Amino acid sequence: MSSLSGRTARALLGVTALLVCAAARGAAAEAYKWNLPVGFPQPSVPDDNPMSIEKVALGRFIFYDTRMSGNQTYSCAACHKQELAFSDGLQQAIGSTGQVHPRSSMSLTNVAYNATFAWANPLLLTLEKQALLPMFGDTPVELGLGGMPQSELLDRFSSNPRYRRLFAEAYPNDADPITLDNLVKALTSFVRTLISGNSPYDRYINGLDDNAISKSAYNGGRLFFTERLECFHCHGGYNFVDSETHDGKLTPEIQFHNNGLYNIDGHGAYPPNNTGIFAFTQVPADMGSFKSPTLRNIELTAPYMHDGSIATLEGALVDHYGRGGRLITDGPYAGDGSTNPFKSGFIRGFTLTDQEKQDLLAFLKSLTDMEFVTNPRFSDPFAGEFCTGDCNFDRSVTVDELITGVNIGLEAAPLGTCVVADADGDGEIAVNELIGAVNAALSGCASPTPTPTPLGQ
Amino acid sequence: MLAASSIAAGAHAQSGFDSNGQCVGDADGNGEVTISEIIVAVNNALNGCGFVPITLQFRGTVGADTFTCGTVYHNVGTTKADIVPSDFRFYIYNVRLVTKDGQVVPLKLDQDHAWQLDDLALLDFENKAPPCGNGTTATNTTVHGMAPPGEYTGVRFQLGLPFDRNHGNQAIAPSPLDLTGMFWSWQDGYRFLKIDTAFDNVRVHLGSTGCVLGSNPTVVTSCARLNIAEVDLNGFNPASNTIIADLGALLANSDINTNQPNTPPGCESDPGDQDCDPMFTNLGLHFSDGTPSPATQTFFRVE
């Protein structure tokens with residue numbers, strides 16, 4: 001104790017006082033608060049997987065944990081990087097064992113509102129079902145967990161004290177909470193929180209800042225919502241999609257479209273490993289039909305299309321949509337997509353002046369939500385520079401946050417309410433961690449805390 | 001002596017139906033309880049039903065040779081190719097025995113909480129030894145259950161899974177439906193048959209395709225191609241014969257050295273992958289629509 005500064009000693013006294021307050025407050029389970037952007041409906045959540053702070057906190061660790069791949073090299077974040085709006089920047093995704101995926105990693109922006117998951121799968125209507133695909137699928141191998149006994153995967157989590165506590169508190173009614181089902185439910189609970197609705201466009205359209213977007217972006221937006229360009233039919237509404245669902249919606253809207261990207265044989269064929277929902281239905285008219293992804297954060301999710309075959313937004317606008325379908329002049333996939341017989345009627349082509357093109361690009365870039373891609377709530381909990389006890393990641397520690405930390409230490413509050421109070425990742429809040437939090441409260445969060453311990457170290 | 005508890009057990013079905021919805025005492029299911037059915041029931045009460053344990057033996061082979069992980073098998077397919085199989089597992093269900101006078105009786109499977117669940121079972125010939133790394137060390141070469149005593153000369157079963165089991169929630173499914181290697185999540189189902197090879201020159205992944213969701217938008221209610229084969233084997237005495245699952249026979253009409261471009265090696269049940277056609281035929285399936293074609297089935301035989 002002799003090494004403690006006077007300030008720290010006073011802080012410790014404060015902690016003692018807080019213990020008393022903490023006991024009084026207890027830890028009642030709170031209903032989950034979405035904190036949604038203006039104009040966004042409440043996401044639809046399966047009845048058997050209600051949202052909770054504890055599940056979201058656990059799911060964030062799972063999302064970023066390389067325990068989630070067979071060879072422990074990949075986490076979900078390997079292909080869904082926050083700084084790229086949870087896409088990966090690659091033309092085609094590469095799995096944990098090096099296999100190349102026929103398709104491009106999808107952005108996870110606003111997936112809570114997706115009516116279907118993956119690029120073209122009419123069977124995956126919940127994130128809970130979707131999650132099994134990257135985990136266990138082997139054509140191609142993504143996370144590469146297929147074939148691993150469930151017990152081996154789950155042992156990776158149950159051997160870790162932080163996970164033991166996070167699981168137990170996320171599923172308080174389960175005698176054995178570390179199950180595949182619970183793991184998936186926590187993961188999907190976190191992924192549902194990846195909601196983006198604070199772009200310059202949003203701030204402008206919601207009347208929060210008349211100067212949030214440029215005149216050029218404004219003009220581009222006007223163009224976007226015209227029958228001349230027809231963009232908005234497939235990329236409309238609050239999420240710039242045409243296939244969406246949310247809480248209280250009578251039935252999910254599910255749509256897939258052929259946008260004229262290929263026409264290999266003159267009869268509408270797409271590359272055989274990328275035929276869209278035709279792969280499921282075998283209905284000829286479904287050839288090349290894929291989901292319209294959200295345009296939110298589109299600036300960050302290049303390259304574009306289901307197979308990443310268009311490198312830039314300009315290429316997508318001019319060479320593909322402007323032309324009314326892409327022309328491939330040579331190679332195995334040569335053909336004129338504009339004459340694809342199954343093409344959506346809205347892909348009619350248009351001619352843009354240089355200014356109009358710049359305006360449209362400016363509009364699309366006004367959908368980039370920098371808060372979303374830097375929000376510490378969505379960031380890697382193993383790698384970030386977190387401030388001990390700063391539960392809400394606002395770079396300051398308040399008395400309420402100290403109380404939360406104490407309550408977690410007393411096991412009177414779930415660890416998930418403030419995972420950063422557990423700086424060393426052992427699932428407990430020790431006195432030295434409380435001291436760290438008190439120091440942060442007194443001195444601010446200027447200096448980063450030690451990085452929480454990565455797996456198995 | 002007629003035990004009082006037996007009478008009570010019968011009487012507890014106040015509705016007149018047992019837990020399977022069968023009219024109690026109506027052994028032949030024709031909606032009537034005849035004197036002869038009552039006599040049989042009384043005899044069963046006095047003497048027990050008299051079911052006997054029956055075990056069906058299976059063996060995985062490549063041609064005449066028993067399958068083991070890591071063995072190189074020669075002369076496979078139309079080009080007499082070499083293969084090194086790295087997985088060899090399949091589900092069957094609805095196992096029935098056929099008596100010498102043509103009566104078909106179900107084999108009521110023991111619920112072993114491992115390989116058998118309800119009326120389905122997983123046969124697993126791989127032991128995880130290289131190159132079968134995606135498998136399990138445990139193997140299973142038998143299906144065991146109870147059936148009336150009798151002289152059996154045939155066996156029937158389906159290669160595949162019952163519909164509801166195939167499309168249940170994999171994350172909570174009990175053994176043997178909890179094997180992640182058998183998950184076929186993109187089709188919201190399981191692989192019924194999983195054959196892989198080292199060097200990946202041929203795969204056979206059989207499962208239902210073209211499935212659609214019903215009014216409950218998270219539950220599959222039908223599939224365009226069930227791809228469930230009906231296997232009917234004669235000359236089979238459970239006490240002395242073995243059911244052979246022969247990879248060599250399955251691939252006999254396939255050219256393993258040539259694969260349809262831009263499709264997975266071999267066959268993953270894609271209706272557009274013509275490599276599947278000869279394999280489906282030998283599994284006893286019409287490749288065109290996934291319906292059974294028992295007469296063309298050569299994958300299974302009796303030894």
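Thresholds applied
- Residues numbered from 1 in each chain as written.
- Chains lettered and ligands numbered in written order.
- Predicted model: local features only at pLDDT ≥ 70, side-chain atom pairs only at ≥ 80, totals over all residues.
- Heavy atoms only, no water.
- Helix = DSSP H or I, 4+ residues; strand = E, 2+ residues; numbered from the N terminus.
- Rg over C-alpha atoms; globule rule 2.2 N^0.38 Å.
- Buried < 20%, exposed > 50% of the residue type's maximum accessible area, 1.4 Å probe, protein only.
- Contact = heavy atoms within 4.5 Å.
- Areas by Shrake-Rupley, 256 points an atom, 1.4 Å probe, with all protein chains shown as cover.
- Lys, Arg positive; Asp, Glu negative; His and termini not counted.
- Charge placed at Lys NZ, Arg CZ, Asp CG, Glu CD.
- Axes fitted to C-alpha atoms, helices over the stretch in contact; angles between N-to-C directions.
- Parallel < 35°, antiparallel > 145°, perpendicular 65-115°, else oblique.
- Pairing = 2+ DSSP bridges.
- Salt bridge = Lys/Arg side-chain N within 4 Å of Asp/Glu carboxyl O.
- Buried area = accessible area lost by both parts, 1.4 Å probe.
- Polar contact = N/O pair within 3.5 Å; in protein donor to acceptor, adjacent residues only side chain to side chain.
- Nonpolar A, V, L, I, M, F, W, Y, C, P; charged D, E, K, R; others polar.
- Patch = residues over 30% accessible without salt bridge, like charges linked within 9 Å, V, L, I, M, F, W, Y side chains within 5 Å.
- Disulfide = S-S within 2.5 Å.
- Phe/Tyr/Trp six-rings, centres within 6.5 Å; stacked < 30°, edge-to-face > 60°.
- Lys NZ or Arg CZ within 6 Å of the ring centre and 35° of its normal.

The helix and strand inventory of chain A stands at 15 helices and two strands. A globule of 457 residues ought to have a C-alpha radius of gyration of about 23 Å, and chain A, at 24 Å, matches this closely. The dimensions of chain A, computed from C-alpha atoms along their principal axes, are 80 × 55 × 40 Å. Looking at chain A as a whole, 56% of its 457 residues are labelled buried. Across chain A, every contact between residues at least 6 apart in sequence was considered, and the portion connecting residues at least 24 apart equals 68%. Accessible surface, chain A as shown: approximately 18,900 Å² in total, 54% of it carbon and sulfur. Taking the average place of the 31 positive charges on the side chains of chain A and the average place of its 50 negative ones, the gap between the two points comes to 3 Å.

This brings us to the packing of helix α3 (residues 127-136) of chain A against helix α6 (residues 180-192) of chain A. All names here are of chain A. At their nearest, the axes of α3 and α6 sit 9 Å apart, and the two run at 110 degrees to each other. Classed by the angle they form, the pair α3 and α6 counts as roughly perpendicular. Of the residues in α6, those touching α3 at Leu127, Glu128, Ala131, Leu132, Met135 and Phe136 are Leu180, Leu183, Val184, Lys185, Leu187, Thr188, Val191 and Arg192.

This next bit is on the pairing of strand β15 (residues 203-206) of chain B. Looking along a regular strand, one sees side chains alternate from face to face of the sheet. All names here are of chain B. Side chains of β15 alternate between two faces, with Arg203 and His205 and Val204 and Leu206 buried alike. Where strand β14 (residues 193-197) lies against β15, three bridges are found, and the strand directions are antiparallel. Of the residues in β15, the one forming a bridge with isoleucine 195 is valine 204. Here β14 folds back onto β15 in antiparallel fashion, the turn holding five residues, of which phenylalanine 199 has a positive phi close to 70 degrees.

This brings us to the pattern of salt bridges. All names here are of chain A. According to the stated counting rule, one finds 25 salt bridges over all chains in the structure shown. Between glutamate 128 and arginine 192 there is a salt bridge, and its shortest N-O distance comes to 2.8 Å. Residue glutamate 128 is located in helix α3, and its partner arginine 192 is located in helix α6; the two are separated by 64 residues in the primary sequence. Here glutamate 128 and arginine 192 have matching classes, each one buried.

Contacts between the two partners involve 34 residues from chain B and, on the opposite side, 24 residues from chain A. In this assembly, chain B packs against chain A so that about 2,400 Å² is buried in total across both faces, 54% of it on carbon and sulfur atoms. The largest per-residue losses of area from chain B upon contact with chain A belong to Thr180, Trp186 and Asn262 of chain B, which jointly make up 25% of the total buried on that side. Our count for the chain B to chain A interface comes out at two salt bridges. For aspartate 138 of chain A, the salt bridge identified is with arginine 191 of chain B, shortest N-O distance 2.9 Å. The interface formed by chain B and chain A contains nine residue pairs in polar contact (both at pLDDT 80 or more). Residue composition of the side of chain B that touches chain A, by class: 13 nonpolar, 13 polar and eight charged.

Following the sequence through the fold, asparagine 182 of chain A ends up in helix α6. Those residues within four positions of asparagine 182 of chain A in sequence are excluded, and the remaining contacts are Phe167, Tyr171, Asp174 and Pro177 of chain A.

As a further point, take a nonpolar patch on the surface. Judged by side-chain polarity, Val33, Ile35, Ile38, Ile39, Val42 and Leu46 of chain B come together as a nonpolar surface patch covering roughly 520 Å² of accessible area. Secondary-structure assignment places isoleucine 38 of chain B in helix α2 (residues 35-47).

Simply put, disulfide is the name for a covalent bond between the sulfur atoms of two cysteines. Summed over the entire model, instances satisfying the criterion amount to five disulfides over all chains. Disulfide pairing places cysteine 387 of chain A opposite cysteine 445 of chain A at an S-S distance of 2.0 Å. Measuring handedness by torsion sign, the sulfur bridge of cysteine 387 of chain A and cysteine 445 of chain A sits at about -70 degrees and is left-handed. Placement of cysteine 387 of chain A in the loop between α13 (370-374) and α14 (399-409) and of cysteine 445 of chain A in the segment after α15 (431-443) is noted, with a sequence separation of 58 residues between them. Using a relative accessible area of 5% as the deciding quantity, one classes cysteine 445 of chain A as buried. Each sulfur in the disulfide pair cysteine 69 of chain B and cysteine 132 of chain B lies 2.2 Å from the other. Taking the torsion about the sulfur-sulfur bond, which here is approximately -110 degrees, the covalent link between cysteine 69 of chain B and cysteine 132 of chain B counts as left-handed. Of the two residues, cysteine 69 of chain B sits in the loop between β2 (65-66) and β3 (73-76) while cysteine 132 of chain B sits in the loop between β9 (120-124) and β10 (142-147), which places them 63 residues apart along the sequence. Judged by its relative accessible area of 14%, cysteine 69 of chain B is buried. Counting only the cysteines that form disulfides, in the order they appear in chain B, gives the pairing 1-2, 3-4, 5-6. Sequence-ordered numbering of the bonded cysteines in chain A yields a pairing of 1-4, 2-3. Take cysteine 234 of chain A: it sits in no disulfide, and the sulfur closest to it among the cysteines is that of cysteine 231 of chain A, at 9.4 Å.

With that settled, the discussion passes to unusual backbone geometry. Trans is the common state for peptide bonds, and a negative phi is the common state for residues other than glycine. Here threonine 139 of chain A and proline 140 of chain A are connected by a cis peptide whose omega angle stands at 0 degrees. With respect to the helices, strands and loops of the structure, proline 140 of chain A is situated in the loop between α3 and α4 (150-158). In the Ramachandran plot, asparagine 297 of chain A falls in the positive-phi region, its phi being about 65 degrees despite a non-glycine side chain. With respect to the helices and strands, the residue asparagine 297 of chain A is situated in the loop between α10 (278-281) and α11 (313-322). A positive phi is found at lysine 80 of chain B, a non-glycine position, where the angle reads about 50 degrees. Structurally, the position occupied by lysine 80 of chain B is in the loop between β3 and β4 (81-83).

Right, let's talk about the packing of aromatic side chains for a bit. Using the criterion set out here, one finds 44 aromatic pairs over all chains in the structure. Here tryptophan 184 of chain B and tryptophan 186 of chain B contribute two aromatic rings whose centre-to-centre distance is 5.9 Å and whose plane-to-plane angle is 80 degrees, an arrangement assigned as edge-to-face. Tryptophan 186 of chain B sits in the partly exposed class, given a relative accessible area of 27%. Taken together through their ring pairs, the aromatic side chains of Phe58, Phe67, Phe88, Phe90, Phe125, Phe157, Phe299 and Phe300 of chain B make up a single cluster. Positioned above the aromatic ring of tyrosine 262 of chain A is the side chain of arginine 326 of chain A, whose terminal nitrogen or guanidinium carbon lies 4.8 Å from the ring centre.

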